[in-house]
Amino acid sequence: MKNHMYWLAAILMLTGCASNAPKLTPEQLKEKRLSTLNIYEDNRVAVRARYSIFINESKDEAAVYSTGEEYFNALDLASITGTRDRYGEYVTFALKDGRKKTFKRAGFSALWCNRDKICRSERNGGMKIADLNEIHGAPKRDPSFDIKTRGAAPLGNLGAEDRIQILSGKDYNYYTEKIDDYYARWPDVEKKIIAELKAREQAIANIKERMRNAPKGTKEFCGGRQLDGNPGDARKAGILSFDCTKYGQQRYMDMVDAGWVIINVNTRPIIQFGQQAIMYDVTMEKQ
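Residues numbered from 1 in each chain as written. Predicted model: local features only at pLDDT ≥ 70, side-chain atom pairs only at ≥ 80, totals over all residues. Heavy atoms only, no water.

**A closer look at the overall build of the protein chain**
Helix and strand counts for the protein chain stand at 6 helices and 16 strands. Total accessible area on the protein chain is roughly 17,700 Å²; 53% of this is exposed by carbon and sulfur atoms. (Helix = DSSP H or I, 4+ residues; strand = E, 2+ residues; numbered from the N terminus. Areas by Shrake-Rupley, 256 points an atom, 1.4 Å probe, with all protein chains shown as cover.)

Here it is in structure tokens:
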């Protein structure tokens, strides 16, 4: 009984001390954060996530990750891992010196700090982003668009099961070369995309013109595309489209506007997901 009382008293003392630990003032918290932050002569680094690669090309400004109470230059980290258990979400920093820092997910953030250790959450330049699945092939969109949409903080939205690798040296150079090539190829890809878009738009315009200028009495069969899409239902007519023999996919109202009317309707029973529906096919005539 005496031993039990001793341990109970010890536990109460410890929890009491923990609860009475002095809270850091904003000035003390800032000092603590900056005391762990190293800014190097060259702060360039690559940050690789599951699907994307972020390249910080600035020697003078560091990509920095926070535990909430400590700041670490990405160059001092080997990896960042998110975990989840029944008690909550956590983040673990694996430092290159072998230490590990595990803390609650709420304390995690990413920011930029300059040589004077002045830090901010946003940045407008000096960084490139690419999709890891695309850097070996042709870009599918303007690479700079990712910077505008994802924001400047590199991977500040780490998920509970995500892992980030920090790359420097040869690994940084490898991805820098790949992404530079990826960005350099975009202008030619963009020209091709624009040319294809213009050709598609012209082809659509040509078909619309053919529909308008078709001789009076010309007939066209158009297969239905929407289940239960009865063109005789005014509530549905505005959203219906058909696959037509000569004119391809067309909106019903576009054909009406071009002078076509339905002269015959055929119905087909359709079973989808165990439910019965009706497909409406039509024959149209130019007036």
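On we go from here.
**Observations concerning empty space enclosed by the protein**
Under the criterion given, the structure shown has 1 cavity of 30 Å³ or more. Taken as a whole, the largest cavity spans an internal volume of roughly 30 Å³. Around the largest cavity, the lining residues are Gly224, Arg225, Gln226, Gly229, Leu240, Ser241, Phe242 and Tyr280. (1 Å grid on protein atoms, 1.4 Å probe; cavity = no way out; pocket = protein on both sides within 12 Å on 5 of 7 lines; lining within 4 Å. Points joined across faces, edges and corners; volume = space filled by probe spheres on them.)

**Section: unusual backbone geometry**
Of note in this structure, Lys117 is not a glycine but carries a positive phi near 60°. Structurally, Lys117 can be placed in the loop between strand S8 (109-113) and strand S9 (119-120). When its relative accessible area of 27% is taken as the criterion, Lys117 is described as partly exposed. Unusually for a residue other than glycine, Asp228 sits at a positive phi of about 55°. Within the secondary structure, Asp228 sits in the loop between strand S12 (219-224) and helix H5 (234-237). (Buried < 20%, exposed > 50% of the residue type's maximum accessible area, 1.4 Å probe, protein only.)

**Describing the pattern of salt bridges**
Evaluated as defined, the whole model comprises 17 salt bridges. We note a salt bridge from Asp254 to Lys208, for which the minimum N-O separation is 3.1 Å. One end of the pair, Asp254, is in helix H6 (residues 252-257); the other, Lys208, is in helix H4 (residues 169-213), with 46 residues separating them in the sequence. Accessibility expressed as a relative area gives 23% for Asp254, which makes it partly exposed. Each member of the salt-bridge network shares a partner with another, and the members are Lys208, Arg251 and Asp254. (Salt bridge = Lys/Arg side-chain N within 4 Å of Asp/Glu carboxyl O.)

**Examining the state of the cysteines**
By the definition in use, this model includes 2 disulfides. Through a disulfide, Cys113 is tied to Cys119; the S-S separation comes to 2.0 Å. Looking along the S-S bond of the Cys113-Cys119 disulfide, the torsion reads about 110°, which is the right-handed sense. For Cys119, a relative accessible area of 27% gives the class partly exposed. Shown here is the disulfide that connects Cys222 with Cys244, its sulfur atoms set 2.1 Å apart. Where Cys222 bonds to Cys244 through sulfur, the torsion about that S-S bond is close to 105°, and the disulfide is right-handed. Of this pair, Cys222 sits in strand S12 while Cys244 sits in strand S13 (residues 241-244), and the two are 22 residues apart along the sequence. There is no split in this pair, since Cys222 and Cys244 are both buried. (Disulfide = S-S within 2.5 Å.)

**Quick look at the side chain of Ser79**
As for its position among the elements, Ser79 is in strand S5 (residues 77-85). Looking at Ser79, the relative accessible area reads 7%, which means it is buried. If sequence neighbours within four positions are ignored, Ser79 has contacts with Thr92, Phe93, Ala94, Arg163, Ile164 and Ile166. (Contact = heavy atoms within 4.5 Å.)

**Some words on the sheet that holds S8**
Across a sheet, paired strands are connected by hydrogen bonds in the backbone, their directions being either parallel or antiparallel. Pairing is antiparallel across the open sheet formed by 4 strands, whose spatial order is S4-S3-S8-S9. The strands lining the two open edges of the sheet, one partner per strand, are strand S4 (71-73) and S9. Relative to S4, strand S3 (residues 62-66) runs antiparallel, the two sharing 3 bridges. Across the sheet, the residue bridging to Tyr65 is Phe72, located in S4. (Pairing = 2+ DSSP bridges.)

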